[in-house]
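# What the coordinates show
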Amino acid sequence: MFLSDRVRRRWRQSENTAQNLEPARRLFPTNRIRDAVYTRRGLKWGVPAMLLAAPYIAAVKLLSDHIEQGGPGWLHLVVLLCAWNALKMLWLGPMSLIALARVRYREHVQRRAARREAESRGTTPDEVLVMAGGAS
């Protein structure tokens, strides 16, 4: 079996796992925030959403201190979960800015194409309907 076949098989397995976990995934607040930010109207909220990493980082610090002072070991799992959510929120800002830049570029290209089409017809660009993709 070639490496590419293994990669494809693993990719299909991960897609199946993601589809099976979709109902449970919706229950977690960071996933809901991420889904809301990755809409066209929500892309501008990616950087402010990064601020939500601060409570998770504070929880990691407080729980780590509690564990060091003799707290239960199972809190390590909560620390890991909080650290993962903090990283997810921190990553949300730059990724939403990249996605916003891509969307705005595509909208610009669509407007330019509509303007050129209108000029070739001899009409004004205002007479041609342009789907720009939503509010920014």
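Report follows, based on the coordinates.

Conventions adopted
Residues numbered from 1 in each chain as written. Predicted model: local features only at pLDDT ≥ 70, side-chain atom pairs only at ≥ 80, totals over all residues. Heavy atoms only, no water. Helix = DSSP H or I, 4+ residues; strand = E, 2+ residues; numbered from the N terminus. Buried < 20%, exposed > 50% of the residue type's maximum accessible area, 1.4 Å probe, protein only. Contact = heavy atoms within 4.5 Å. Areas by Shrake-Rupley, 256 points an atom, 1.4 Å probe, with all protein chains shown as cover. Salt bridge = Lys/Arg side-chain N within 4 Å of Asp/Glu carboxyl O. Axes fitted to C-alpha atoms, helices over the stretch in contact; angles between N-to-C directions. Parallel < 35°, antiparallel > 145°, perpendicular 65-115°, else oblique. Left-handed = near helix turned anticlockwise from the far one by under 90°. Nonpolar A, V, L, I, M, F, W, Y, C, P; charged D, E, K, R; others polar. Core = buried A, V, L, I, M, F, W, Y, C linked by side-chain atoms within 4.5 Å.

## Focus: the overall build of the chain
Across its full length, the chain holds 5 helices and 0 strands. Start at the N end of the chain and walk to the C end: the helices and strands fall as α-α-α-α-α. Counting the 136 residues in the chain, one finds 21% classified as buried. Considering only contacts in the chain between residues 6 or more positions apart, those separated by 24 or more positions represent 59%. When the accessible surface of the chain is totalled, it reaches about 10400 Å², and 64% of it is carbon and sulfur.

## A look at the pattern of salt bridges
Summed over all chains, the structure comprises 5 salt bridges. Where Asp35 meets Arg34, a salt bridge forms, and the shortest distance between an N and an O atom there is 3.3 Å. Looking at Arg34, the relative accessible area reads 31%, which means it is partly exposed. With its nearest N and O atoms 2.4 Å apart, the salt bridge here joins Arg121 to Glu117. Highlighted residues: Arg121 and Glu117, both in helix H5 (residues 75-121), separated by 4 residues, approximately one helical turn.

## Here we look at the packing of helix H4 (residues 53-68) against H5
Across the interface, H4 lies against H5 with an axial gap of 8 Å and an inter-helix angle of 160 degrees. In terms of axis orientation, H4 runs roughly antiparallel to H5. The way H4 lies across H5 gives a crossing that is left-handed. Along its contact with H4, which presents Ala53, Tyr56, Ile57, Ala59, Val60, Leu63, Ser64, His66 and Ile67, the element H5 presents Leu75, His76, Val78, Val79, Cys82, Ala83, Asn85, Ala86, Met89 and Leu90. For the contact of H4 with H5, a count of residues per class yields 15 nonpolar, 4 polar and no charged.

## Re the nonpolar core
Ranked by size, the top nonpolar core spans 6 residues in total: Val37, Ala49, Ala53, Ala86, Met89 and Leu92. Per-element tally for this core: the top contributor is H5, with 3 residues. What Leu92 contacts, discounting residues up to four positions off in sequence, is Ile33, Arg34, Val37, Tyr38, Gly46 and Ala49. Of all hydrophobic cores here, the second largest spans 5 residues; its members include Val60, Leu75, Val79 and Cys82.

Note that all results are geometric; they support no functional claim without further evidence.
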